[in-house]
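# Report on the structure
Here is what each chain is made of, one letter per residue.
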Amino acid sequence: MSNFDCNDQTEYETYAKCLGKALCYIPTPTTVGLYAPWGSGINQLLHNVQKQMLLEGLSREKKEYARTRQKSRTTTGLGFVLLLLHLIFLKPQLTEKHEKRKNFRFIFVKFSAWEFAGSDKLWAGLITTLCDNIKDQFGCIPTSIVRSLGHQATLEKCKFGSEWVSKKILKIPIWFIFSFLLLLALTLALVISIFGASIGEMGNNFALALEGLGFGLIGCSAFLTMKNSLAVGKNMIVSQKAKMESLMNKTDFSAQLGFMNDIKQEVKILTNFIKYIEVFERRKIRIVLEIMSLDRCTPDKVVGVLDAMNILLSDPDAPFISVLAVDPSIIVACVEKSNTFKGMADNGYEFLNRIVTLPFCVPQMDTQTKLNFIKQVVEGKNGLMEDAPMQPHRHEVDKFPGNSLEIVPLMNVSSGEIHTSKQRNAKMKPSHHIQQAYQCLMDKDSNLHEYIEENFLQMRRIVNIIPIMTTLMFERNVPMSSFPPQRIAAWVILATSWPCRLSWIWQCLEDAEQREELNEEKGINDEMLLWTIYENSSENLKLIKSNIEKLLTLDGDPEIFQKFLSISYKFTVKDAKIILPYTINLDSSLKRKMELLLGSKFLGRRATSSSENATMPE
């Protein structure tokens, strides 16, 4: 990929900037498919996209103020009181003036599907998360007023006129009725305080009639006010999320045919509420729904969320920008395996294309971006990383209890290959060696970063393993002169990126040792390259290749593997014998499976050969 730095930006940041700007212009509703292999930095990209959208929003706010000389309102402080008065007495209209506004306010809602994976209806968690975030953004009182007072009708469009018009009862503005009743109540209270509780005793029947009428009007208005207040209070206490959870906990939930329609109505009310806020704040609002970790859920739940996005958020007036941050290969496989769409979605890619209106494939990391991410992992900056355990910081690497570490070598290592001179290793502390290894990972002049996959989890594994392996080697008095920090880091990368192929080389070394012990053949030369062993044993690997296809998928690019071992880091048999016992990140079960498969293949070939010899005529 070409390197076109713009204002000292990495290519990753440039792509994020372009996507962030594009999301400020595209019409809503829209669904963005943010495609990338799992763990390849989608969180970082989303963070940069969000930052760019906020910057674009500020820029548009300034331009709109310069055009109209009218500031946007807020929904805090006195603005909150003004909003409540507008919601109670007025209703908005979508005027041409509002349609011409170019300033935006973005509200970002994060939905981690993994948090709701235990729910029977994962898609319901998507809607409740959306409702809760809107309520938290604007307060429970405005949202409760909208739900309680029946603001469910679509906003009227008016080319000219005021953006706010009075609500009316019998063509009388509600604010006028409220003012009249309030004035009447104050007048009656004043009269009663002066003349007593009843004017009828004074013989004035007309005044008595007026008093009764006034009390009646006040009583009716008080009843209606109390009714609406109780409805608002009920919605404040019992949130929509609680209602939905109550429905989901019922055993006959799946039989409630009206539930989906109720959810659609809730989304419609939510959409209208956002339109109210838009007109009040004098700017447009976009809800950016970031859907994360969906590729970690079961197939039916994945399809449920996609279906919810397709049905519930497809209202043409909905101000939603749904960002589906997933690994497309996993989502497609889930769709095709789901029981929900058996026979309907045989091609998962076609199903995904019907939902996504803006596909965006995360680009390959450029060198500087990858180095920045490695540095974040090394320095313990985990805020933007994928879900994974915290790695130890550099100042903690000396805390490994050396006396409690018992290492059992998995290969025979002769005493001549490991020097026991404690004086040599005592000159250098493990922490110094570890820091140098980390520096090699972050050094642009070093080529180690070229062999690290664009996966945060793998970066963390490498950073986590280096201090443990280094400390083990120091505790066992391994001659560190043969393994400088860069070679230790390279070996960790080798075992992390190509565990299956390295396990195969390991198995070949063990087989050679066993044949040497049986005097069947001469042992392998210690100076022989590991790549040479791999090449010489490729025919035997083909015998079991069909049985270890799943294991081979654990490995990275085989051509890069060849470059790594044959050109960049020419590890020898001697190196492997020294460091393999301390390679804690290499799963021995991989080698064991190859050992069993290879043994069965050889036994089968010998049996076949014996039977053919037996049937040959003398």
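Residues numbered from 1 in each chain as written. Predicted model: local features only at pLDDT ≥ 70, side-chain atom pairs only at ≥ 80, totals over all residues. Heavy atoms only, no water.

## As for the overall build of the chain
Scanning the chain from terminus to terminus reveals 25 helices and 11 strands. The buried share among the 618 residues of the chain stands at 47%. Considering only intrachain contacts with a sequence separation of at least 6, the fraction spanning at least 24 residues in the chain is 84%. In the form shown here, the chain has an accessible surface area of approximately 32,200 Å², with 55% of it arising from carbon and sulfur atoms. (Helix = DSSP H or I, 4+ residues; strand = E, 2+ residues; numbered from the N terminus. Buried < 20%, exposed > 50% of the residue type's maximum accessible area, 1.4 Å probe, protein only. Contact = heavy atoms within 4.5 Å. Areas by Shrake-Rupley, 256 points an atom, 1.4 Å probe, with all protein chains shown as cover.)

## Re the sheet that holds strand 9 (residues 284–292)
Read from one edge to the other, the open sheet built from five strands follows the order 4-9-10-1-11, with strand pairing classed as parallel. The open sheet has two free edges, formed respectively by strand 4 (104–112) and strand 11 (358–361), since each of these has just one partner strand. Adjacent strand axes in the sheet meet at a mean angle of 20° when their direction is disregarded. Of the pairings in the sheet, the one linking strand 1 (residues 30–35) to strand 11 comprises four bridges and is parallel in character. Its bridge partner being in strand 11, Leu34 is matched across the sheet by Phe360. Packing of helix 2 (residues 42–68) onto the sheet brings it into contact with strand 1, strand 4, strand 9, strand 10 (320–326) and strand 11, and relative to strand 4 it is tilted by some 160°. (Pairing = 2+ DSSP bridges. Axes fitted to C-alpha atoms, helices over the stretch in contact; angles between N-to-C directions.)

## Remarks on a nonpolar patch on the surface
A surface patch of nonpolar side chains, amounting to about 640 Å² of accessible area, comprises Ile169, Leu170, Ile172, Trp175, Phe176 and Phe180. The biggest single contributor to the nonpolar patch is helix 7 (residues 174–195), with three residues. Within the secondary structure layout, Ile169 lies in strand 7 (residues 168–169). Assessed through its relative accessible area of 46%, Ile169 is described here as partly exposed. (Patch = residues over 30% accessible without salt bridge, like charges linked within 9 Å, V, L, I, M, F, W, Y side chains within 5 Å. Salt bridge = Lys/Arg side-chain N within 4 Å of Asp/Glu carboxyl O.)

## Quick look at the state of the cysteines
With the rule as written, the count across this model stands at zero disulfides. Cys297 provides the cysteine sulfur closest to Cys334, a residue in no disulfide bond, and the two sulfurs are 8.4 Å apart. Residue classification places Cys334 among the buried residues on the basis of a relative accessible area of 8%. (Disulfide = S-S within 2.5 Å.)

## As for the environment of Thr496
With respect to the helices and strands, the residue Thr496 is situated in helix 18 (residues 485–497). Here the alpha-carbon distance between Thr496 and Ile465, two residues 31 residues apart in the chain, equals 9.6 Å. Discounting chain neighbours no more than four positions away, the residues touching Thr496 are Gln458, Ile462, Ile465 and Asn585. Looking at Thr496, its side chain comes within polar contact range of the side chain of Asn585, at 2.9 Å. (Polar contact = N/O pair within 3.5 Å; in protein donor to acceptor, adjacent residues only side chain to side chain.)

## Focus: the packing of aromatic side chains
By the definition in use, this model includes 15 aromatic pairs. Look at Phe138 and Phe273: their rings are 5.6 Å apart centre to centre, the planes differ by 80°, and that puts the pair in the edge-to-face class. Of this pair, Phe138 sits in helix 5 (residues 122–138) while Phe273 sits in helix 10 (residues 259–281), and the two are 135 residues apart along the sequence. There is no split in this pair, since Phe138 and Phe273 are both buried. Three or more aromatic residues joined by ring pairs form one cluster here, namely Tyr451, Trp491, Trp498, Trp531, Tyr534, Phe561, Phe564, Tyr569 and Phe571. A cation over a ring is seen here: Arg60 above Tyr25, with NZ or CZ 4.2 Å from the ring centre. (Phe/Tyr/Trp six-rings, centres within 6.5 Å; stacked < 30°, edge-to-face > 60°. Lys NZ or Arg CZ within 6 Å of the ring centre and 35° of its normal.)

## Considering the pattern of salt bridges
For the structure on display, the rule yields 17 salt bridges. Note that Arg60 is salt-bridged to Glu56, the shortest N-O span being 3.8 Å. With Arg60 and Glu56 both in helix 2 and four residues apart, the pair spans about one turn of that helix. One salt bridge connects Arg67 with Glu64, and the closest N-O pair in it is separated by 2.6 Å. A residue pair is termed a helical-turn pair when its members lie 3 or 4 positions apart in one helix, as Arg67 and Glu64 do in helix 2 at three residues. One continuous salt-bridge network, built from bridges that share partners, spans Glu61, Arg105, Glu281 and Arg283.

## Quick look at the nonpolar core
Leu34, Leu441, Trp491 and Phe571 are the most contacted members of the largest nonpolar core, which has 91 residues in total. It is helix 17 (residues 456–475) that provides the largest number of residues to this core, a total of 10 residues. When residues no more than four places from it in sequence are discounted, the contact partners of Leu441 are Leu371, Ile374, Leu448, His449, Ile452, Ile462, Val463, Ile466, Ala489 and Ile493. By size, the runner-up hydrophobic cluster in this structure holds 57 residues, among which are Leu94, Val146, Phe280 and Leu352. (Core = buried A, V, L, I, M, F, W, Y, C linked by side-chain atoms within 4.5 Å.)

## Details of the packing of helix 3 (residues 78–89) against helix 6 (residues 140–148)
The contact between helix 3 and helix 6 brings their axes to 10 Å, and the two run at 5°. Taken together, the axes of helix 3 and helix 6 are roughly parallel relative to one another. Residues Phe80, Leu83, Leu84, Leu87 and Ile88 of helix 3 form the contact with helix 6, whose own contacting residues are Ile141, Pro142, Ile145 and Val146. Residue classes in the contact of helix 3 with helix 6 are distributed as nine nonpolar, no polar and no charged. (Parallel < 35°, antiparallel > 145°, perpendicular 65-115°, else oblique. Nonpolar A, V, L, I, M, F, W, Y, C, P; charged D, E, K, R; others polar.)

## Quick word on the confidence of the model for the chain
The predicted coordinates ought not to be read in detail in places where the model reports low pLDDT. With 72% of its residues at a pLDDT of at least 70, the chain reaches an overall mean of 76. By mean pLDDT, helix 15 (residues 422–426) is the weakest element of the chain at 48, and helix 18 is the strongest at 93. Here residues 1–7 scores under 50 on pLDDT; set against residues more than four positions off or in separate chains, the count is nine contacts. Note on residues 606–614: pLDDT is under 50 here. Beyond four places in sequence and across chains, it has zero contacts. (pLDDT = per-residue confidence, 0-100.)

## Remarks on the pairing of strand 10
For a regular strand, side-chain orientation follows a simple rule: the groups alternate between the two sheet faces. Extensive coverage of strand 10 is indicated by the burial of seven of its seven residues. Here strand 10 shows no split at all, with Phe320, Ser322, Leu324 and Val326 on one side and Ile321, Val323 and Ala325 on the other all buried. Looking at chain direction, strand 9 and strand 10 are connected through five bridges and run parallel. When the sheet's bridge partners are listed, Val288 is paired in strand 10 with Ile321.

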